[in-house]
Amino acid sequence: MPKHYRPPGKKKEGNAAKYITRTKAVHYLQVSLPTFRKLCILKGIFPREPKKKVEGNHKTYYHTKDIAFLAHDPLVEKFRDIRAHKRKVKKALARKNRELADRLLNRQPTYKLDRLILERYPTFVDALRDLDDCLTMVHLFAALPAVGGERIQVEQIHNCRRLSHEWQAYISQTHSLRKTFISVKGIYYQAEVEGQKITWLTPHALQQVLTDDVDFNVMLTFLEFYEALLGFVNFKLYHSINVKYPPLLDPRLEALAAELYALCRYVSAAPERQLGDSQAISSSENEQSEDKKVDAQTDESDLRLAQLQHQLPANEPGTLMHLVEDATGADDEDNETKECKNLFKKLKFFLSREVPRESLLFIIPAFGGVVSWEGDGSPFKESDEDITHQIVDRPTQSHMLLSREYVQPQWIYDCVNARIILPTEAYLVGRVPPPHLSPFVDNEAEGYVPEYAETIKRLQVAASKQVLPMPGLESGDLDDPHNLLAEGIIDRAEASEAAEKKRKLAMLEKQYHDELNMELQGIPYSASLSSKNLQSSVEDVQEDAPADSEQMEKDTRDLSMVSMSRKKRRLYEAMQISKERKKANVNILRERKNKAQASKKE
C-alpha cells in the first residue's frame, strides 16, 4: 500500500483541503474565467503559493476560504444576471426584433462598488495607504486620448481626468506635496495626507498610443474599482476642509481645458462662500425678527457672545468665524506644512507655452506661489510687471525684461526638493542645467554623495544659519573641540579647556561602567582595586604597542562565522555580497565623474 494512500470518500487534509486550483474554483462558482478574474480583482483575492502543490507545479492555486468568500458575494448573482441579459439581447437581435433589443439595452442590470470599498477599507487610513496604485492608474488613463470607437470609453477617460484634478486641487490647496522627481517614465509625486505618505506617477504630456500587447480588460477592471475608491477619498478629503463635493466648476475655464485652475479657485473660495451664506442666513433671520416684532430677552450665552463680538478688532459680521478658522488652521499646520506653504511666497510665475503646464500649475500653488500661463483663461498676462520668474524651456528668448528672471522648469523641481530658493545662474535660458537629483534616494545610505547634492546641502545649512562641518568631517565631529578650533569657532585656550573636560568626563563614565559590571559579577572591592592596577599596567603596554585593528576585526569575524548556523552564514554571505555590489556601483559612479571632469578640462 502507498505511503500517502487515502481511501475513497475520506476527508481531505493538509494542503489538499486548504487550497484549490483555478479551474476547480471556476467550476465551483459556475462563472466564466473573465468573470472570475473580475471578481478576484474587485474583492482583492489573489493566488497563493502553497508549500506542497498537490495537483502540480504548473497550476494556479487559491485559498479555499477565499473561494467560499466569493461564492456568497452578491456580485456573483449580479454578474450572472448581466450574462443572462446579454444572451436575451443577442437572441432578440438574431430574431431581428430591434424594438425588444433596444428596450433590453435601456434596462441593463447595474451594480455599485460602495459596499466593497467599505468592506476592503474599514477605516479612512486604510484607504490612504492603498492609494499609490490607484492614483497611478487614474492618472495614466486620464492622459489617454478620448477618441470614440476605441477600447476605452470616452466617459471613463473624462471621469479619470476629473478625479485626478480634484485630487491635485486638494493637495495643492492644503500644501501637502512633499517631493517630486522627473524621470523617463513620468513625473513622480509624494504627498503627505493625514500622516500617510502617498507616492504616485503621472505620465508625460505626450501623445499616447494604445498597443495590442496589453490586456485592457484586466486594467479596466482595476480602473473601475480605483475610480470608486478615489471618489470616496476625494469626498472625505473635501468635506474635511469644509468644501462641497462634487465641486461646481466655471464652465468658461472648463471649456478652455483649465480644470485644475478652476478647481483651485473653487477650493480657495469655499470659505468666502460659506461666509456669504452665513451672512445671508443672518440677514434673513433679522428680517423675520423685524417683521414679527418679537422682543425676546437674550440668554446668558448670547449676552457673552455679544460682549465678545464688541471686543473684536473689526466690526464686520463673521469676524468671530474668521478667528476660529485661523486658530484651527494654525493648530493643524505642522512645521513642514508651513515650510512648504511659504517656499514660493511673494513670488509670481508665468509659464511659457512649451513648458509642462499641468505639472507646474499643480506644484507652484502647492508651495505658496502665484502662477499664470500663456493662453485664454489665465489670471494675468505676460506683460504684468509684478512677475518675478518666467519659466522658459527653449534655447533662446527673444524679448527679455530686466525685472524678472528667465529660468528653466527644472529650477522649480529642484527648489521644491531642496526646500530653499536655489540660485538661478545655473538654470538660465540656454545653459545646461545641473543634474536633476532624486529626492527618493538616500545618498548617505548608498555610499555616494553627488557633487551637486553637497552644494545643495551647504546652501540649506547657510539658509538655516547652522554650523556646517569641514569637508572630510562628519556632523558628529562638531562636538570635538579640535575641529571647532580648526573651523575658527573657538580659540585655542577654550579648545584645550573643553578637551580636558571631555577627557575627564569620559574617564569618569568609563570608571562608573566598570564598577557597575564588577558589582553585577559579584567581585569584592579589594579585588577590584588590584584589577584596576593590573589593568592600568596592561593599558600602558597596549599604548606602547598597538595591535592591528583590522586583523583583530577579521579574526573576530571568522570566529563568529564558525559559530553560526548554515542558514545564518548564508544570510551573512549574502549581506557581504550586497555590500560589495554597492561598493562596485559607487566606484563606477566615481569613475564616470572623473571621466566627465577630465572631458570638461579638455
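Residues numbered from 1 in each chain as written. Predicted model: local features only at pLDDT ≥ 70, side-chain atom pairs only at ≥ 80, totals over all residues. Heavy atoms only, no water.

Engineer: Would you mind showing me how to read the overall build of the protein here?
Structural biologist: Scanning the protein from terminus to terminus reveals 26 helices and nine strands. A buried classification covers 31% of the 602 residues belonging to the protein. Intrachain contacts of the protein at a sequence separation of at least 6 include 58% that bridge at least 24 residues. Element-wise, carbon and sulfur atoms account for 53% of the exposed surface of the protein, whose accessible area totals about 40000 Å². (Helix = DSSP H or I, 4+ residues; strand = E, 2+ residues; numbered from the N terminus. Buried < 20%, exposed > 50% of the residue type's maximum accessible area, 1.4 Å probe, protein only. Contact = heavy atoms within 4.5 Å. Areas by Shrake-Rupley, 256 points an atom, 1.4 Å probe, with all protein chains shown as cover.)

Engineer: Which parts of the structure should I look at to understand the sheet that holds strand S9 (residues 405–407)?
Structural biologist: Paired through their backbone hydrogen bonds, the strands of a sheet run either parallel or antiparallel. Across the sheet, four strands lie side by side as S7-S6-S8-S9; this open sheet has parallel pairing. Two strands lie at the open edges of the sheet, namely strand S7 (370–373) and S9, each paired on one side alone. Shown here is a sheet whose adjacent strand axes are inclined to one another by a mean of 25 degrees, direction ignored. Pairing geometry for strand S6 (residues 348–351) and strand S8 (residues 389–391), over three bridges, is parallel. (Pairing = 2+ DSSP bridges. Axes fitted to C-alpha atoms, helices over the stretch in contact; angles between N-to-C directions.)

Engineer: Is there a simple way to explain the nonpolar core in this structure?
Structural biologist: What tends to happen in soluble globular proteins is that the nonpolar side chains get buried as a cluster. Phe-36 and Trp-167 are the most contacted members of the largest nonpolar core, which totals 97 residues. In terms of residue count, helix H11 (residues 216–240) provides more of this core than any other element does, twelve residues in total. Apart from the residues lying within four places of it in its own chain, the contact partners of Phe-36 are Arg-22, Ala-25, Val-26, Leu-29, Val-31, Tyr-62, Ile-67 and Leu-70. (Core = buried A, V, L, I, M, F, W, Y, C linked by side-chain atoms within 4.5 Å.)

Engineer: Any chance you could explain the sheet that holds strand S4 (residues 187–193) here in plain terms?
Structural biologist: Taking strand neighbours across the sheet as the criterion, the three strands line up as S3-S4-S5 in an open arrangement whose pairing is antiparallel. Each edge of the open sheet carries a strand with a single partner, namely strand S3 (177–182) and strand S5 (196–202). With strand direction ignored, the average angle separating the axes of adjacent strands in the sheet is 15 degrees. Where helix H19 (residues 410–418) meets the sheet, its contacts fall on S3 and S4, and the angle it forms with S3 comes to roughly 140 degrees.

Engineer: How do you make sense of the pairing of S5 when you look at a structure like this?
Structural biologist: Each regular strand carries side chains that alternate between the two faces of the sheet. When you tally the buried positions in S5, you get five out of seven residues, the bulk of the element. Of the pairings in the sheet, the one linking S4 to S5 comprises seven bridges and is antiparallel in character. Its bridge partner being in S5, Tyr-189 is matched across the sheet by Trp-200. Here S4 folds back onto S5, and the loop between the two strands holds two residues, one of which, Glu-194, carries a positive phi near 55 degrees.

Engineer: Quick question: what am I supposed to make of the packing of aromatic side chains here?
Structural biologist: When we look at a pair of aromatic rings, we describe it by the centre distance and by the angle of the planes. Under the definition given, this model contains 17 aromatic pairs. Ring geometry for Trp-167 versus Trp-200: centroids 5.8 Å apart, planes at 80 degrees, classification edge-to-face. You can see Trp-167 sitting in helix H10 (residues 154–174) and its partner Trp-200 sitting in strand S5, a full 33 residues away along the chain. A residue is classified by how much of its surface remains accessible, and Trp-167, at 0% relative accessible area, is buried. For Trp-200, a relative accessible area of 1% translates into the label buried. Through a chain of ring-to-ring contacts, the aromatic side chains of Tyr-121, Phe-222, Phe-225 and Tyr-226 assemble into a single cluster. Taking the ring centre of Phe-380 as reference, the NZ or CZ of Lys-348 above it sits at 4.4 Å. (Phe/Tyr/Trp six-rings, centres within 6.5 Å; stacked < 30°, edge-to-face > 60°. Lys NZ or Arg CZ within 6 Å of the ring centre and 35° of its normal.)

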